[in-house]
There are 2 protein chains.
Amino acid sequence: MMETFPGKRRPTGLDAGGRIGMAERAATIKDVAAAAGVGIATVSRVFSGTGAVAAGTRERVLAAAADLGYRPSALGRGLRTARSGGIGLIVPDVTDPFCAELTAGVLACARTLGGHVVVDAAHGDPAREAEILDRLVEQRVDGIIAVPAGDESGWRGAARVCPRLVFADRALPGLPEVPAVLADDAGGVRALVEYLAGLGHRRIAYLGAAAPGATPGVRERAFRDAHAPAGLVLDEDLVVPARPARDAAYAAAAGLLQRRDDVTAVLAAGHLLGEAAVLVARELDLRVPADVSIAMVDDVAWAELCDPPLTAVARPARDMGYRACELLLRDRARRGPAGPVLLPTELVVRGSCGALRSARPGGRPSGRSRPHAETIR
Amino acid sequence: MMETFPGKRRPTGLDAGGRIGMAERAATIKDVAAAAGVGIATVSRVFSGTGAVAAGTRERVLAAAADLGYRPSALGRGLRTARSGGIGLIVPDVTDPFCAELTAGVLACARTLGGHVVVDAAHGDPAREAEILDRLVEQRVDGIIAVPAGDESGWRGAARVCPRLVFADRALPGLPEVPAVLADDAGGVRALVEYLAGLGHRRIAYLGAAAPGATPGVRERAFRDAHAPAGLVLDEDLVVPARPARDAAYAAAAGLLQRRDDVTAVLAAGHLLGEAAVLVARELDLRVPADVSIAMVDDVAWAELCDPPLTAVARPARDMGYRACELLLRDRARRGPAGPVLLPTELVVRGSCGALRSARPGGRPSGRSRPHAETIR
DNA sequence: CCTTTCGATGGAAACGTTTCCATCTTGCCG
DNA sequence: CGGCAAGATGGAAACGTTTCCATCGAAAGG
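A. The overall build of chain A, seen in detail. From N to C terminus, chain A includes 13 helices and 12 strands. Counting over 377 residues, chain A shows a buried share of 50%. Pairs at least 24 residues apart make up 67% of the contacts formed inside chain A by residues separated by at least 6 positions.

B. Main features of the protein's contact with DNA strand C. If you check the shell around DNA strand C, you find 28 residues, and the closest are T42, A52 and T57 of chain A together with S44 and R80 of chain B. Counting only atoms of DNA strand C within 4 Å of the protein, the sugar-phosphate share comes to 62%. One nitrogen or oxygen atom from the main chain of G76 of chain B is found 3.3 Å from a base nitrogen belonging to DNA strand C. Taken together, the elements giving at least two residues each to the surface near DNA strand C come down to α2 (40-48) and α4 (74-81) of chain A together with α2 (40-48) and α4 (74-81) of chain B. Ranked by residue count, the leading element in the surface near DNA strand C is α4 of chain B, at 5 residues. Here the surface near DNA strand C is composed, by residue class, of 13 nonpolar, 10 polar and 5 charged.

C. Region of the structure containing the relation of the copies chain B and chain A. If you rotate chain B by 180° and push it 0.1 Å along the axis, it lands on chain A with an RMSD of 0.2 Å. What the superposition gives is, in effect, a two-fold axis relating one chain to the other. By C-alpha distance to the rotation axis, the residue of chain B lying nearest is V118 of chain B, at 2.2 Å. A high fraction, 90%, of the interface residues of chain B reappear at the interface in chain A, so the copies pair face to face through one surface.

D. Unusual backbone geometry, seen in detail. Between V288 of chain A and P289 of chain A the backbone carries a cis peptide bond, its omega angle lying at 5°. Looking at the secondary structure, you find P289 of chain A in the loop between α11 (271-283) and β9 (293-297). The peptide bond linking D307 of chain B to P308 of chain B adopts the cis configuration, its omega dihedral lying at 0°. In this structure, P308 of chain B sits in the loop between α12 (302-305) and β10 (311-314). Notably, D169 of chain B is not glycine yet its phi reads approximately 70°, a positive angle.

E. Representation of the protein's contact with DNA strand D in the model. Near DNA strand D lie 28 residues; those nearest to it are I29, S44 and R80 of chain A together with T42 and T57 of chain B. Counting only the atoms of DNA strand D within 4 Å of the protein, the fraction contributed by sugar and phosphate is 62%. Within the side chain of S44 of chain A, an N or O atom sits 2.6 Å from a phosphate oxygen of DNA strand D. Here G76 of chain A contributes a backbone N or O atom positioned 3.3 Å from a base nitrogen of DNA strand D. Elements that contribute at least two residues to the surface near DNA strand D include exactly α2 and α4 of chain A together with α2 and α4 of chain B. Looking at the surface near DNA strand D element by element, the count peaks at 5 residues for α4 of chain A. The residue inventory of the surface near DNA strand D, partitioned by class, reads 13 nonpolar, 10 polar and 5 charged.

F. Summary view of the packing of helix α8 (residues 185-198) of chain A against helix α9 (residues 218-227) of chain A. Residues and elements named next belong to chain A. The interhelical angle for the contact between α8 and α9, taken along N-to-C directions, is 40°, at an axis separation of 8 Å. Crossing geometry of α8 relative to α9 is assigned as right-handed. When α8 is examined against α9, the residues D185, A186, V189, R190 and V193 are found in contact with a partner set consisting of V218, R219, A222, F223 and A226. The residue makeup of the contact of α8 with α9, split by class, is 7 nonpolar, no polar and 3 charged.

G. Spatial organisation of the nonpolar core. Counting 66 residues, the largest nonpolar core has L207, V266 and W302 of chain A together with L207, V266 and W302 of chain B as the members making the most contacts within it. Core analysis: the second largest hydrophobic core is formed by 59 residues, C109, A317 and L328 of chain A together with C109 of chain B among them.

H. Quick look at the environment of E138 of chain B. Looking at the element boundaries, E138 of chain B is found in helix α6 (residues 126-138). On the basis of relative accessibility, which here comes to 19%, the residue E138 of chain B falls in the buried class. Setting aside residues no more than four positions away along its own chain, E138 of chain B makes contact with P72, S73, A74 and R77 of chain A.

I. How the structure looks around the pairing of strand β6 (residues 204-209) of chain A. Residue and element names in this part refer to chain A. For β6, a buried count of 5 out of 6 residues is recorded, marking the element as mostly surrounded by other parts of the structure. Note that β6 and strand β8 (residues 265-268) share 4 bridges and pair parallel. Looking across to β8, one finds that L207 is bridged to A268. Of the pairings in the sheet, the one linking β6 to strand β7 (residues 239-242) comprises 4 bridges and is parallel in character. Following the sheet pairing, G208 is matched in β7 by P241.

J. Representation of the packing of aromatic side chains in the model. Residue and element names in this part refer to chain A. One pass over the full model with this rule turns up 6 aromatic pairs over all chains. On the basis of an interplanar angle of 90° and a centroid distance of 5.5 Å, the ring pair of W155 and F167 is categorised as edge-to-face. Taken as a pair, W155 in helix α7 (residues 152-161) and F167 in strand β4 (residues 165-168) lie far apart in primary sequence, 12 residues in all. Each of the two residues, W155 as well as F167, counts as buried. Here R315 stacks its cationic end above the ring of F98, 4.1 Å away from the centre of that ring.

K. Here's a closer look at the environment of A63 of chain A. With respect to the helices, strands and loops of the structure, A63 of chain A is situated in helix α3 (residues 55-68). A63 of chain A sits 31 residues away from V32 of chain A along the chain, and the two C-alpha atoms are 9.2 Å apart.

L. Spatial organisation of the pattern of salt bridges. Residue and element names in this part refer to chain A. In total, this model carries 40 salt bridges over all chains according to the counting rule given. Here D185 makes a salt bridge to R219, at a shortest N to O gap of 2.9 Å. Taken as a pair, D185 in helix α8 and R219 in helix α9 lie far apart in primary sequence, 34 residues in all. The residues D185 and R219 share a single accessibility class, namely buried. In this structure, a network of salt bridges that share partners links the residues D169, R170, D185, R219, D298 and R315.

M. How the structure looks around the sheet that holds strand β11 (residues 341-343) of chain B. The strand order across the open sheet formed by 12 strands is β11(A)-β5(A)-β4(A)-β3(A)-β1(A)-β2(A)-β2(B)-β1(B)-β3(B)-β4(B)-β5(B)-β11(B), and the pairing between neighbours is mixed. In this open sheet, the two strands that pair with only one neighbour each are β11 (341-343) of chain A together with β11 of chain B. Each strand axis lies, on average, 20° off the axis of its neighbour in the sheet, ignoring direction. Pairing of strand β4 (residues 165-168) of chain B with strand β5 (residues 180-183) of chain B involves 2 bridges; the strand directions are parallel. Across the sheet, residue A168 of chain B finds its bridge partner in β5 of chain B, namely V181 of chain B. Where helix α6 (residues 126-138) of chain A meets the sheet, its contacts fall on β1 (86-91), β2 (116-121) and β3 (143-146) of chain A together with β2 (116-121) of chain B, and the angle it forms with β1 of chain A comes to roughly 175°.

N. Local environment of the pairing of β4 of chain A. All names here are of chain A. Burial along β4 is two-sided: L165 and F167 facing one way and V166 and A168 facing the other are all buried. By the bridge criterion, 3 bridges tie β3 to β4 in an arrangement that is parallel. Residue pairing for β4: I144 is matched across the bridge by L165. Where the polypeptide runs from β3 across α7 and back to β4, its parallel neighbour, the crossover connection is right-handed.

What counts, and at which threshold
- Sequence order sets the numbering: in each chain, residues are counted from 1 along the sequence as written.
- Following the order in which they are written, the chains are lettered starting with A and the ligands numbered starting with 1.
- Note on the predicted model: pLDDT of at least 70 is required for a residue's local features to be given, and 80 or more for side-chain atom pairs to be given and counted; whole-chain, interface and lining totals, by contrast, use all residues.
- Processing note: side-chain calculations cover all non-hydrogen atoms of the structure and skip hydrogens and water entirely.
- By definition, any uninterrupted DSSP run of H or I lasting at least four residues is a helix, any uninterrupted run of E lasting at least two residues is a strand, and each is numbered from the N terminus.
- We call a residue buried when its accessible area falls under 20% of the maximum for its residue type, exposed when it is over 50%, and partly exposed in between, using a 1.4 Å probe and counting protein chains only.
- Contacts were defined at the residue level, with two residues in contact if any of their heavy atoms lie within 4.5 Å.
- Here a residue is near a molecule or strand as soon as one of its heavy atoms is found within 4 Å of it.
- Throughout this description, a polar contact denotes any pair of N or O atoms lying within 3.5 Å of each other; where both atoms belong to protein, one of them has to be capable of donating a hydrogen while the other can accept it, and for residues adjacent in sequence the pair is counted only when both atoms sit in side chains.
- Residues are grouped as follows: nonpolar covers Ala, Val, Leu, Ile, Met, Phe, Trp, Tyr, Cys and Pro; charged covers Asp, Glu, Lys and Arg; every other residue, Gly included, is treated as polar.
- Copy-to-copy superposition: least squares on the C-alpha atoms, limited to residues that have pLDDT of at least 70 in both copies.
- Only C-alpha atoms enter the line fits that serve as axes; for helices the fit covers just the stretch in contact. Angles between N-to-C directions range over 0 to 180 degrees.
- Working rule for handedness: look at the near helix, and if it is turned counterclockwise from the far one by less than a right angle, call the crossing left-handed; if clockwise, right-handed.
- By convention a nonpolar core is built from buried Ala, Val, Leu, Ile, Met, Phe, Trp, Tyr and Cys residues, the set being connected through side-chain atoms within 4.5 Å.
- Strands qualify as paired when DSSP identifies two bridges or more between them.
- Centres within 6.5 Å make a pair out of two Phe, Tyr or Trp rings, where for Trp the six-membered ring is used; the pair is then stacked when the planes are under 30 degrees apart, edge-to-face when over 60, and tilted otherwise.
- In this scheme, Lys NZ or Arg CZ marks a charge over a ring once it lies within 6 Å of the ring centre and within 35 degrees of the ring normal.
- Counted as salt bridges are all cases of a side-chain nitrogen of Lys or Arg within 4 Å of a carboxyl oxygen of Asp or Glu.
- When the strands point away from the viewer, a crossover counts as right-handed if the route from the first strand across the helix to the second turns clockwise.

This is the structure we're talking about:
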């Protein structure tokens, strides 16, 4: 059992100076079999859990393996079983709190199902998205979860190559056959509009993300559609799009708030837009919510730290990731035309939206001396 | 239904009929070779870029490959070359802004070097850390970047098994042989203490992360050490540790601020602690910075959104990730005792720290009516 | 006591690559 | 005009696993 490793120690010659410990070469199943005095098939059976192995034999194998520091190679196994146990996750940006939360959900689910996750960020670039996808396919991941950046044609081709594909957060209208896990953004926006309307606001501005191409803006449509039922009339001039970047968002918010001083409430369709709104309001010396109310979609951590804390629509990012992963890995069998999974959102009311005094139905006070309007919480 | 997805129809690989159309089964190098009328070695040479191939042959191979939708399998290649091209990243929490930023850096670097990244979160649990590590080794990643959670003994064993290991953000004192990329936290904390002392603060509290076991607290030591040079005397009662979790941080901050109303400044050793300090201050109706100044380590996004914006020490998280990855993948050759890479931090002064009126050198005003102290920016 | 059956085990063939080595063309130089 | 070098190419052996299949032994049933 002592028998040192035979031949071939440093295939590539790298790493010339000895490494920290020993580990001449990683032990293989063959080494373990030899050390335990059994066949490799038996070792495989012990580790893969398949088939029957006598208790005594199993112990011997385990002991030998532990002794040699043996770890089965996922490469060998993957090659044989045509299954890597990995799943790919493509998000726009790992730094984005929403994406990060979604990622956490995916990780949690993958963990329970015994898989690993290969993450990459496409930064909204379709070319980069395609490239990442390519790499993932090459890695033979078992499935891919993507928050697609709107380039429909790219994904159409992808859907054919992909082992399994699930969209999260956004779906592509042209690809209804790809399962998707979405938040009920429309419901969230509607709730927000209703809430603001209920506070007396009549001129609500919408700061929205200008989708690069495809997405027709579920949120924007919801914003529009919510007007009539709430007794509001839509002012097209108050629907302002912005590229999903900090500078663009800031510019859009600044433009809006400077151009229209009759706006009493801003609905930001994302945390980046919300951030911009808060910053611009501060820059313009507008008090929140006295001078202008602000609310946004995405209840990120800083919403609570703001002063005043920001009213927001919470979307279950983590759950979405979890569900997407589950959809990918678990339900291999049933495939209904079930349509996308829609997860509920929740309106979290904080202090950033004030009631409008009915005495002055339209318009925001011009001076700074106006007393605080009633705030919730 | 048409059975939309190509979900592996022939588990045993029989592939009965001729597969002319699209990918019944993923095309292999053999298929391409046959289609192009060449040997598999030639196909391999075309795709791996090694060896010489006649221009005409190359074209034929490429055409055949494109036709068949061939993607070389990373599993086969990895098995043969004993190199997966993947790197593992273990962070405490992907949701944490710092970790997310670090991850982004790793992704960026891996991308340029043509590798993929397997991410997982250990949530400060050594057992989980070990488990993740195990999986990564099993995946045969080429290297691992970890933000270790302090369990030294666990990592000691790991360092032996690991292909290559680099620590980021934290190093383990017992494992000096593991390369590390760190931020100059000590310098940051020192700068913060000096800054606060310069504003006239004499009783500065330290809200620090209580490392579960090992880490002796570089930041805490720096905090202590900075006192004398700044002409301050350390009050042990003002050094309060907290587990790195929201509730614990909040409890610690609340305890501190309620117990000691003579504290005029709080130095939070992390953004979670900073968050807690801000929240508690608000809860206790303490005005920032009039009643208490707050500053923290880690310049996360919300620091600027706070009211007032928070003074913070910025640490180059993204760079750290990038450098760590570089260290892992690039410099296979030179291994000096170079010691950890130390990246500089930067003090970002915002409005959360006020100058203390010399008229009332010690102690924070008890009432709320005190006028604002001078604020910077 | 013989036969049947079943559990435990080992051998060997795949899985899809890369790469060594041998073979076959050429083109070139002497 | 012959031999040789060099370029192009194909065959085949590994890489580390799983799994089919065959073998062997023993227990159980007759």
